[in-house]
Amino acid sequence: MPFSLLFTEQYSRRAAKFLKQQPELRGTYLKTLRLLEANPAHPSLRLHPLHGKLEGLHSVSINLSYRITLELLIQDQQIIPVNVGDHDAVY
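Worth saying up front: this structure is predicted, and the values here are computed from it rather than measured.

Enquirer: Looking at this model, I keep getting lost on the packing of aromatic side chains. Mind explaining?
Expert: Two descriptors summarise a pair of aromatic rings, namely the distance from one centre to the other and the angle between the planes of the rings. A complete count under the given rule lists three aromatic pairs for this structure. Seen in terms of ring centroids, Phe-18 and Tyr-66 are 5.4 Å apart; in terms of plane orientation they differ by 65 degrees. Their pairing is edge-to-face. Here the residue Phe-18 occupies a position in helix 1 (residues 9-21), and Tyr-66 occupies one in strand 4 (residues 66-73), the gap between them amounting to 48 residues. Each member of the pair Phe-18 and Tyr-66 is classed as buried. Put simply, the rings of Phe-18, Tyr-29 and Tyr-66 pair up and form one aromatic cluster.

Have a look at this one:
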């Protein structure tokens, strides 16, 4: 069963800013979101839980430099993106 992505207004603003600054990543970013909906455990996403101040969130990779942090609600089959950007920006 596929997951559904729930975009908050705050995340949508962050994503728009990210894509404005990195327009060449639009296709890769959208592909990452589609794959996340279809199969969050896909190896190319490199899904992993975060620790420390981001405890309770997970991260997936857009590419080697950029990440999306997210809340993964497995019981409701929902994924809520929280932040997008390079490693330093999201961690």
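That shown, we press on.
Enquirer: Explain the environment of His-58 to me, please; I cannot follow it from the model alone.
Expert: You can see His-58 is positioned in strand 3 (residues 58-61). In sequence terms His-58 and Leu-47 are 11 residues apart; their C-alpha atoms lie 6.7 Å from each other. Residues in contact with His-58, not counting those within four places in the same chain, are Leu-47, His-48, Pro-49, Leu-50, Ile-68, Thr-69, Leu-70 and Leu-72.

Enquirer: Sorry if this is basic, but what is going on with the pairing of strand 3 here?
Expert: Within a regular strand, side chains alternate between the sheet's two faces. Along strand 3, one buried face is formed by His-58 and Val-60 and the opposite face, lined by Ser-59 and Ser-61, is buried too. Here strand 2 (residues 48-49) runs beside strand 3; their pairing, made up of two bridges, is antiparallel. Across the sheet, Pro-49 pairs through a bridge with His-58, a residue of strand 3. Inspection of the sheet shows strand 3 paired to strand 4 by four bridges, in the antiparallel sense. Bridged to Ser-59 within strand 4 is Thr-69.

Enquirer: How should I be thinking about the nonpolar core in this particular structure?
Expert: Generally speaking, soluble globular proteins have nonpolar side chains that are buried together. Ranked by internal contacts, the top residues of the largest apolar core, which has 19 residues, are Phe-18, Tyr-29, Ile-68 and Val-84. Mapped onto this core, the elements with two or more residues apiece are helix 1, helix 2 (26-38), strand 4 and strand 5 (78-86). Contact partners of Phe-18, with chain neighbours within four places excluded, come to Leu-25, Tyr-29, Ile-62, Tyr-66, Val-84 and Gly-85.

About the cut-offs
- Residues numbered from 1 in each chain as written.
- Predicted model: local features only at pLDDT ≥ 70, side-chain atom pairs only at ≥ 80, totals over all residues.
- Heavy atoms only, no water.
- Phe/Tyr/Trp six-rings, centres within 6.5 Å; stacked < 30°, edge-to-face > 60°.
- Helix = DSSP H or I, 4+ residues; strand = E, 2+ residues; numbered from the N terminus.
- Buried < 20%, exposed > 50% of the residue type's maximum accessible area, 1.4 Å probe, protein only.
- Contact = heavy atoms within 4.5 Å.
- Pairing = 2+ DSSP bridges.
- Core = buried A, V, L, I, M, F, W, Y, C linked by side-chain atoms within 4.5 Å.

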